[in-house]
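Spelled out, the chains give:
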Amino acid sequence: MRGLFITGTDTGVGKTILSAALLAAMRSDGERASAYKPVMTGLDDESEIAARGDWPADHELLAAVAGMDPDEVAPLRYGPAVSPALAAQLAGERIDPAQLLAGAHAASEHASTLVVEGVGGLLTPLAEDCTVCDLAIALGLPVLIDARPGLGTINHTVLTLGAARTAGLEVRAVVLTPWPTRPTELHRSNRTTIARLGEVEVDGLALVRSPDPTCLARAAAHLPWRSWLGEAAPLAVERR
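Computed from a prediction, not measured in an experiment: that's the story for all the values here. Along each chain, residue indices are assigned from 1 in the same order as the chain's sequence is written. Note on the predicted model: pLDDT of at least 70 is required for a residue's local features to be given, and 80 or more for side-chain atom pairs to be given and counted; whole-chain, interface and lining totals, by contrast, use all residues. Side-chain measures were taken over the full set of non-hydrogen atoms in the model, leaving aside hydrogen atoms and water.

**Q** Lay out the overall build of the chain in plain terms, naming residues and giving numbers.
**A** Each helix is a run of H or I in the DSSP string that is no shorter than four residues. Each strand is a run of E no shorter than two, and both are numbered from the N terminus. If you tally the helices and strands in the chain, you get eleven helices and ten strands. In terms of principal-axis extent, the alpha carbons of the chain reach across some 65 × 40 × 35 Å. Relative accessibility under 20% of the residue-type maximum defines a buried residue, over 50% an exposed one, and the middle range a partly exposed one, all with a 1.4 Å probe and only protein chains included. Here the chain, with 240 residues, has 49% of them falling under the buried criterion. Here, residues are in contact when the closest pair of their heavy atoms is within 4.5 Å. A sequence separation of at least 24 residues applies to 77% of the contacts in the chain between residues at least 6 apart. Working note: accessible area of the chain is about 11600 Å², and carbon and sulfur atoms make up 51% of it. Using a 1.4 Å probe, the Shrake-Rupley method yields the accessible areas, and only the shown protein chains count as cover for residues.

**Q** Could you give an account of the nonpolar core, with specific residues and numbers?
**A** Membership of the largest hydrophobic core comes to 72 residues, with the highest contact counts inside it found for Phe5, Val174 and Trp228. The dominant element in this core, judged by the number of residues it contributes, is helix α1 (residues 15-28), at eight residues. When residues no more than four places from it in sequence are discounted, the contact partners of Trp228 are Leu4, Leu22, Pro142, Leu144, Arg172, Ala173, Val175, Glu201, Asp203 and Leu223. Nonpolar core, defined: a set of buried Ala, Val, Leu, Ile, Met, Phe, Trp, Tyr and Cys residues in which side-chain atoms within 4.5 Å join the residues together.

**Q** Hey, could you go over the environment of Met40 for me, with residue numbers and the actual values?
**A** The residue Met40 is located in strand β3 (residues 39-40) in this model. A residue is classified by how much of its surface remains accessible, and Met40, at 4% relative accessible area, is buried. As for Met40 and Gly121, which are separated by 81 residues in sequence, their C-alpha atoms are 14 Å apart. Those residues in contact with Met40, other than ones at most four positions away along the chain, are Asp58, His59, Ala74, Leu76, Arg77 and Tyr78.

**Q** How would you explain the environment of Asp146 if you had to name every residue and give the values?
**A** Along the chain, Asp146 falls in strand β8 (residues 143-147). Discounting chain neighbours no more than four positions away, the residues touching Asp146 are Thr7, Gly8, Thr9, Val13, Gly14, Lys15, Leu18, Val175 and Thr177.

**Q** Describe the sheet that holds β8, with residues and values.
**A** Strands are treated as partners if at least two bridges between them are detected by DSSP. Pairing is parallel across the open sheet formed by six strands, whose spatial order is β2-β5-β1-β8-β9-β10. Of all strands in the sheet, those bounded by a partner on one side alone are β2 (33-36) and β10 (202-206). Direction aside, the axes of adjacent strands within the sheet are offset by 25° on average. As judged from the four bridges shared by β2 and strand β5 (residues 113-121), these two strands associate in the parallel manner. Bridge pairing in β5 links Ala35 to Val115. The sheet strands contacting helix α8 (residues 153-166) are β1 (3-8), β8 and β9 (171-179), and the helix crosses β9 at an angle near 155°. What counts as an axis is a line fitted to C-alpha atoms, over the stretch in contact for a helix, and the angles between N-to-C directions run from 0 to 180 degrees.

**Q** Which residues make up the pattern of salt bridges, and what are the values?
**A** Salt bridges are defined by distance alone: a side-chain nitrogen of Lys or Arg within 4 Å of a carboxyl oxygen of Asp or Glu. Under the definition given, this model contains nine salt bridges. One salt bridge connects Asp10 with Arg148, and the closest N-O pair in it is separated by 3.8 Å. Highlighted residues: Asp10 in the loop between β1 and α1 and Arg148 in the loop between β8 and α8, separated in sequence by 138 residues. One salt bridge in this structure joins Asp129 and Arg94, with 3.6 Å as the shortest N-O distance. Here Asp129 is found in the loop between β6 (125-127) and β7 (130-131), whereas its partner Arg94 is found in the loop between α5 (84-90) and α6 (97-108), with 35 residues between them in sequence. Residues joined in a network through salt bridges with shared partners are Arg2, Asp29, Glu31 and Arg226.

**Q** Let's hear about the side chain of Thr41: which residues, and what values?
**A** Summarising the element assignment, Thr41 is placed in the loop between β3 and α2 (46-52). Polar contacts, as used here, are pairs of N or O atoms within 3.5 Å; protein pairs need one atom able to donate a hydrogen and one able to accept it. Residues neighboring in sequence count only if both atoms are side-chain atoms. A polar atom in the side chain of Thr41 sits 3.1 Å from the backbone oxygen of Val82. Not counting chain neighbours up to four residues away, the residues in contact with Thr41 comprise Tyr78, Pro80, Val82, Ser83, Pro84 and Ala87.

**Q** Go over helix α10 (residues 213-220), please, and point to the residues and values.
**A** Considered for burial, the residues of α10 that qualify are Cys215, Leu216, Ala217, Ala219 and Ala220. Residues of α10 that are buried sit in contact with α1, α3 (58-66) and β10. With a side-chain oxygen lying 3.0 Å from the backbone nitrogen of Thr214, the N-terminal cap of α10 falls on Asp212.

**Q** Describe the pairing of β1, with residues and values.
**A** Burial analysis of β1 places six of its six residues in the buried class, which makes it a mostly covered element. Strand direction decides the pairing type here: β1 and β5, joined by five bridges, are parallel. When the sheet's bridge partners are listed, Gly3 is paired in β5 with Leu114. The pairing of β1 with β8 spans four bridges and is classified as parallel. By the bridge assignment, Phe5 is partnered in β8 with Val143.

This is how it looks when you write it as structure tokens:
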């Protein structure tokens, strides 16, 4: 399987916008990219709905960008804003890790690249015996860590890097989301410090103001997603 696994330092750090922007940029460049978010929670939570504003729910946004049905993107969906394991328990269900893997393979069946968005952070429980980290390991995809650019992000990001690497995951980059148009000294220091302490590439995704695929693609156009996939960058064509 070829693709990227997007995780975060926490919930609400912008993983869905980063995933949608990458998908939009890939598809704009002719890549047959699909999306997968194994579990959705918080669909009925009033605070979650209010926070989205005019934006669609995560699985609907990813589906719109990838040209998929929302049910294909997120086959498991729950109302309460809790961990997937607890959400399933409250619904009288149990999430089967094998089902999550099967969903990823189904989402990638007609695509050349799969963008998987995790839930919360790496250690978020998907089931009693399966975390987001376990799913990332099973899929074997390189990882991007989405993080906030502001105060506290150094600790959260370096801890997430350590957990990922201890588990044997290959982290290709940290993406600070949203990266301000006019970064302060704090923002710039956070970026360089994470790169130094984490020995990792650190990029930024600008604020995306619209769920329109063109807007999303434009925001991610500068991100080196081909190198994150392990490909060489295309050669520039000299114009005469």
